[in-house]
Structure formats: structure tokens, C-alpha cells
Amino acid sequence: MKRAGLLLLAVAPVATVAVYLLGGDSDSDAAGADRRGSGTQRPYDKDKSAAEIKADDELIADLPPGLAAPAKKDLAQQLIASAENSTLDWRGQYGYIEDIDDDHGYTAGIIGFCTGTHDLLTLVERYTKDHPDNGLARYLPALRKVDGTDSHEGLDPGFTKAWKAEAEKPAFRKAQNNARDRIYFDPAVRLAKLDGLGTLGQFIYYDAMVLHGPGTGPRGFYGLREAALKEANTPAQGGKEKAYLDIFLDIRRAAMKEEKSHRDTTRVDTAQREFLYDGNLDLKTPLTWKVYGETFRVPKS
């Protein structure tokens, strides 16, 4: 069960991310507002030429897989699930759905897709294109209506049951994986690699993208990165990796403290920061960390 709010001394789940996509096309992967409406997401490559993007692709292709390696990606999901669901069993969360009273409607699935933050709508729209007879398709009109709100209008009482039933199907699980990668994982890891960050830094970016949303506002992921760049250079710019990541985590922690649903910062303080101070830039296992005072362990792989 996901923890939410100060009553359980937890951060709000990943679904607090708002991914309102632009261009009038709700199925677009283009930019969108961060979850506080204080800026828009802009893909890192938006202002780059085709030649620059190709050069970036070639650079990344020559680098180690880092967090994109299957074992490390699984570890990343376990780390996130420990903070969001108090478990390492991230694969057990496909059918999760609950309104956690964070003003974003229903939170659902492995990355906390939300009825009020557009990413859940985009997921169901894409899934319905490939599987038009799925059990969630009939809720698309209601999902479009409640998008951007905390309303359940048109969703109750059957939507939660339909979500859980659909989550039993491999095709919908695959759709959730694809949405997670497209919106959160791939952009975060790509940018981290271009910034010269190792596996830990890639995870720090990914976790920030998940929790804060891909926005350019002061509390969106891109906004947090821009603030960090004003205080330190990335390794790609000649800076020290530990120093840059320490500052990034400082800025992120301060942003979390500004909201009551994020004031428990243990996912930074007793997890990511400790990995950094231990010098574990490759995110090697075994790992031990605490979130909300609960200890989690992953053995050596």
C-alpha cells in the first residue's frame, strides 16, 4: 500500500507527477507542465539540430549501459518501490490503484500514473489503440473529463476494479512499462549520461524525474537541474561528480521541503545521499538503505 501525506511521514507517490502534454494531442510525448503548473516540460533535445542529436546518440552508444542494464534497471525499480510502496516487489504494483488525497485523483500502477496528471490518460489512450476492446476503454471519456483535476466523476464505482482486472493481462503490464520508460526512465538516463554521470547519478535523475515531474518550473525536474547548474558544473562540463550530485540533492531536498506531502526526505537523506557519500557511484550491490525508518536490503548480484 502506498504511503501518503504527513500522517505516515511519507512523500507523496510518484503519481504526484503531472505530465500535461502539449499540442492538443493527448497521445503526444511532447512537453508538458510540471505538477504544480509552474512551468513546462521540454525534452532535452528540443532545441538541438539533427546533427547534434546524432552526436549525442553516438556518445551514449559508446558508454556503459549504466542504469539501463537490466539488473540495474530492476534495482532502480526496487529503490523507487521502497519509497513509494514500502516494498521491493515493484512488479506487484501493476494493479495498485488508490486515491491518496493528494489532489490528483487516482494513483495507479508501477510508476504512480494519475488520473489528474495526464500520464494515466495517455497510457490508456495508447493501450486502447492497440487493444480497443480492453476493460478500461469505456472510461476514456471520463478520464479526459477529469484530467487535471482530483475528480472521480464518471470513474466510480467501476474504474478501480477494471484497472485491477486489466493489470492481470501481460499486454497492459507491457504498456505500463513502455509508458514508464517513455515519460520518465529514458529521458532521465539519457540526460544523466550526457551530463557525464555514472549509474548512481542516473538513478538520482530518474527518481527526481518520477517524483517531481518533467517540468521546467522551479520544482520540476528540469528546473531543479537548471538550479544545480548555476552552482556547480556537471562532469561533462569538467566538474566533480560527487560535488555536483551533492548540490543537486541539496536543491531537490529543499524543493521537497516546500510541500507538506514531500517533507519526509528520507529517500534522499538515508538512501541516495548515503550511497553518494559511500562513493558508490556505480550503484553496486549489496545495498542497504532506509526510507521512513524502514530498512531495505538488496544482496550482491
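Preceding this paragraph is the structure being described.
Since the model is a prediction, treat every value here as computed from it, not as a measurement. Residue indices follow the written sequence of each chain, beginning from 1 at its first position. Reporting in this predicted model follows two pLDDT cut-offs: at least 70 for local features of residues, and 80 or more for side-chain atom pairs to be given and counted; totals over whole chains, interfaces and linings ignore these cut-offs and use all residues. The basis for the side-chain values is all heavy atoms of the structure; hydrogens and waters are excluded.

Draft legend 1. Spotlight on the overall build of the protein. Helix and strand definitions follow DSSP, with helices as H or I runs of at least four residues and strands as E runs of at least two, each counted in order from the N terminus. Summing up its helical and strand segments, the protein has ten helices and seven strands in all. Taking the intrachain contacts of the protein between residues at least 6 apart in sequence as the baseline, contacts between residues at least 24 apart amount to 62%. For the area figures, the Shrake-Rupley method with a 1.4 Å probe applies, and any residue is considered shielded solely by the protein chains shown. Summed over all atoms, the accessible surface of the protein reaches about 12800 Å², with 51% contributed by carbon and sulfur. For this analysis, residues touch if any pair of their heavy atoms sits within 4.5 Å.

Draft legend 2. The arrangement of the pairing of strand S6 (residues 287-291) in detail. What you see with S6 is a clean split: Leu287, Trp289 and Val291 sit on the buried side and Thr288 and Lys290 on the side with no burial. In this structure, S6 lies alongside strand S7 (residues 294-298), joined through five bridges in antiparallel fashion. By the bridge assignment for S7, Lys290 is matched with Thr295. The antiparallel hairpin formed by S6 and S7 contains two residues in its connecting segment, where Tyr292 sits at a positive phi of about 55 degrees. Categorising residues by exposure relies on relative accessible area from a 1.4 Å probe, with only protein chains included: less than 20% of the type maximum marks a residue as buried, more than 50% marks it as exposed, and the intermediate range marks it as partly exposed. Any two strands with at least two DSSP-identified bridges between them are counted as paired.

Draft legend 3. Spatial organisation of the side chain of Arg252. Relative to the elements of secondary structure, Arg252 occurs in helix H9 (residues 241-257). Pairs of N or O atoms are called polar contacts if they sit within 3.5 Å, as long as, within protein, a hydrogen donor faces a hydrogen acceptor (for residues adjacent in sequence, only side-chain-to-side-chain pairs). For Arg252, the side chain forms a polar contact with the side chain of Asp207, separated by 2.8 Å. Look past the residues within four positions of Arg252 in its chain and what remains in contact with it is Ile204, Asp207, Ala208, Leu211, His212, Leu224, Arg267, Val268 and Gln272.

Draft legend 4. Just empty space enclosed by the protein, in detail. Think of a 1 Å grid over just the protein atoms. A cavity is a set of points where a 1.4 Å probe fits yet cannot get out, a pocket is an open set with protein on both sides within 12 Å along at least five of seven lines, and lining residues have an atom within 4 Å of a point. Grid points are joined across faces, edges and corners, and a volume is the space filled by probe spheres set on the points. Scanning all chains against the criterion turns up one cavity of 30 Å³ or more. Considering only enclosed or pocket space, the largest cavity measures out at about 70 Å³ in volume. Mapped onto the lining of the largest cavity, the elements with two or more residues apiece are helix H2 (70-85), helix H7 (199-212), helix H10 (266-277) and S6. Under the convention adopted here, Pro, Cys and the residues Ala, Val, Leu, Ile, Met, Phe, Trp and Tyr are nonpolar, Asp, Glu, Lys and Arg are charged, and Gly plus all remaining residues are polar. Taken together, the residues of the lining of the largest cavity break down into eight nonpolar, two polar and two charged.

Draft legend 5. Expanded view of helix H8 (residues 221-229). Buried within H8 are the following residues: Phe221, Tyr222, Gly223, Leu224, Arg225 and Ala228. Taken together, the buried residues of H8 touch helix H6 (170-194), H7 and H9.

Draft legend 6. Summary view of the packing of H9 against H10. The N-to-C vectors of H9 and H10 enclose an angle of 175 degrees; their axes lie 11 Å apart at closest approach. As summarised for this structure, H9 and H10 are arranged roughly antiparallel, according to the angle between their axes. In contact with Lys242, Leu245, Asp246, Leu249, Asp250, Arg252, Arg253 and Met256 of H9, H10 contributes Arg267, Val268, Asp269, Gln272, Arg273, Leu276 and Tyr277. When its residues are assigned to classes, the contact of H9 with H10 shows six nonpolar, one polar and eight charged. Only the stretch in contact is used when a helix axis is fitted, and all axes are lines through C-alpha atoms; the angle between N-to-C directions ranges over 0 to 180 degrees. Relative orientations are named as follows: roughly parallel for angles under 35 degrees, roughly antiparallel for angles over 145 degrees, roughly perpendicular for angles from 65 to 115 degrees, and oblique for any other angle.

Draft legend 7. How the structure looks around unusual backbone geometry. A cis amide bond links Asp156 with the next residue in sequence, Pro157, at an omega value of 5 degrees. With omega at 10 degrees, the peptide bond leading from Thr285 into Pro286 counts as cis. Relative to the elements of secondary structure, Pro286 occurs in the loop between H10 and S6. The phi angle at Ser86 is positive, at roughly 55 degrees, despite the residue not being glycine. Structurally, Ser86 is set in the loop between H2 and strand S3 (97-99). Residues other than glycine seldom take positive phi values, yet Asp101 does so here, at roughly 60 degrees. What makes Asp101 exposed here is its relative accessible area of 72%.

Draft legend 8. Fine view of the sheet that holds strand S4 (residues 106-108). Pairing is antiparallel across the open sheet formed by three strands, whose spatial order is S3-S4-S5. Only two strands of the sheet have a single neighbouring strand rather than two, namely S3 and strand S5 (113-114). Where S3 and S4 come together, three bridges link them in antiparallel fashion. Within the sheet, the bridge partner assigned to Glu98 lies in S4 and is Thr107.

Draft legend 9. Structural view of the packing of aromatic side chains. In summary, the pairing rule links any two rings of Phe, Tyr or Trp, Trp by its six-membered ring, whose centres are within 6.5 Å, and it sorts them by plane angle into stacked for under 30 degrees, edge-to-face for over 60 and tilted for everything else. Applying the stated criterion across every chain yields a total of 14 aromatic pairs. For the ring pair Tyr205 and Phe221, a centre distance of 5.2 Å and an interplane angle of 75 degrees mean the geometry is edge-to-face. A residue pair is termed long-range when its members are at least 10 positions apart, and Tyr205 in helix H7 and Phe221 in helix H8 qualify at 16 residues. Both residues of the pair, Tyr205 and Phe221, count as buried. Grouped by ring-pair contacts, the aromatic residues Tyr106, Tyr127, Tyr139, Phe159, Trp163 and Phe172 constitute a single cluster. Each ring is checked for a lysine NZ or an arginine CZ that lies within 6 Å of its centre and within 35 degrees of its normal; such an atom marks a charge sitting over the ring. A cation over an aromatic ring shows up here: Lys73 above the ring of Phe185, its NZ or CZ 4.6 Å from the ring centre.

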